[in-house]
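# An overview of the molecular structure
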Amino acid sequence: MKIGVVGPESTASVVLNVLKEEFMDIQAVYRGSDFFEESGTLAETLQSRDHVEAILFTGATVYANAVRQTAPSIPWRYVPRSRIAVLQAFLEAITIYKNDLQAVSVDCYEEDRLREVMDELGIRNIRICRAPYDPETPGFEKRMVEYHRNCYYKGQVSICFTNMEHIREPLLAEGIPCIRMHPPREVIREQLYQLQILNETTKKNQGKLAVIVLRFDYIFDEEENLNIREWEKMDYRGRFEEKVYAVAERLGAAVFTNGTEQYYLVASREMMENVFLKSGEHQKLMQYGCRPPARGVWIGIGIGDTMLEAKSRAHKALNRSVADRAGYLYLVEDEA
């Protein structure tokens, strides 16, 4: 199995060590950056150029940005925030920095989780200053550094906690006590096991999922009576919808709608080929709905390993159908 690892080197090094020592059957391709904003581009590169079978994001902020930008069509996981990491960070503050932990500044970790760990350690009445920013905030990392710095210099806190090396380094350079929360090995191990399971599941379903997109249009302008015209439109739309659901039932397909003039049918590739195409179900829909120039039906079919992949290809096929003329059906199976 070949997986991609995305994230800053300080965190990824832990992941890569776990892979090297415990997962010898997994080949890792590392694409790293200290800037979480670049994670989307890195994930795209791993999929298109390195041809990895799965992606592991090394932190929640990296994961959120990458998924928002790329929505990977291959299995992916991220190393979640762990209470074990919080526990280790507090113990480090107490033993190494000799900090009394009366007041701390944090980013990314929820206050409830922090207090849960502090209760276990018997730490009470601690003041927590949590940075009010999230990855969507412009200049996110710069604002985080400034927040910790201001809290410390104003005497509001005595130590800072972060899960990003790019925030920790400039603070330490100024002499501000800052502890990085590293993901524990057991959490990384768990996510790697999950990736292996997801990959095996994907292989079993490879190329077996089909998404059919149906789009129809209609014009009843020849009727002068507005009420009758609207009734004719509703009647036609209702009858067409009945036929779509009847086809879906024969396919054993799930049906989703986008507005009132587009339908998605999600079925197995086998049922799409044998029932929708070979048995002529697609022709029945076209014959009913395609009466140019007043009515038109367009169909696009996509094949993929996942619903997202099949849907994307179905849209590509539908665009080709619309570009030609009503009554055309196209199928896209790969990205060529």
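Cut-offs and rules
Residues numbered from 1 in each chain as written. Predicted model: local features only at pLDDT ≥ 70, side-chain atom pairs only at ≥ 80, totals over all residues. Heavy atoms only, no water. Pairing = 2+ DSSP bridges. Helix = DSSP H or I, 4+ residues; strand = E, 2+ residues; numbered from the N terminus. Axes fitted to C-alpha atoms, helices over the stretch in contact; angles between N-to-C directions. Contact = heavy atoms within 4.5 Å. Buried < 20%, exposed > 50% of the residue type's maximum accessible area, 1.4 Å probe, protein only. Arc of directions from axis to C-beta.

### As for the sheet that holds strand β7 (residues 159–162)
Spatially, β6-β5-β7-β8 is the arrangement adopted by the 4 strands of the open sheet, whose pairing is parallel. Looking at the sheet topology across the chains shown, the edges are occupied by β6 (127–130) and β8 (178–180). Between one strand axis and the next, the sheet turns by 25° as a mean value, whatever way the strands run. Relative to β8, β7 runs parallel, the two sharing 3 bridges. Each residue of the ladder has a partner; that of threonine 162, found in β8, is arginine 180. Its contacts with the sheet place helix α7 (residues 165–173) against β7 and β8, and it is angled at close to 155° to β8.

### Concerning helix α5 (residues 111–121)
For α5, every residue scored as buried is listed here: Leu114, Val117 and Met118. The buried residues of α5 occupy one face: seen down the axis, they fall within an arc of 100°. Each element contacted by the buried residues of α5 is listed here: α4 (83–95), β5 (103–106) and β6. Looking at the residues trailing α5, positive phi occurs at glycine 122, about 80°.

### A short note on the pairing of strand β11 (residues 262–268)
Of all 7 residues making up β11, 6 are buried, and the element is well covered by its neighbours. Two strands pair when backbone bridges link them, and strand β9 (residues 209–218) and β11 are joined in this way by 7 bridges, in the antiparallel orientation. Note that in β11 the partner of alanine 210 across the bridge is alanine 267. Of the strand pairs in this sheet, strand β10 (residues 254–257) and β11 are connected by 4 bridges, and their pairing is antiparallel. Within β11, the residue paired with threonine 257 across the bridge is tyrosine 263.

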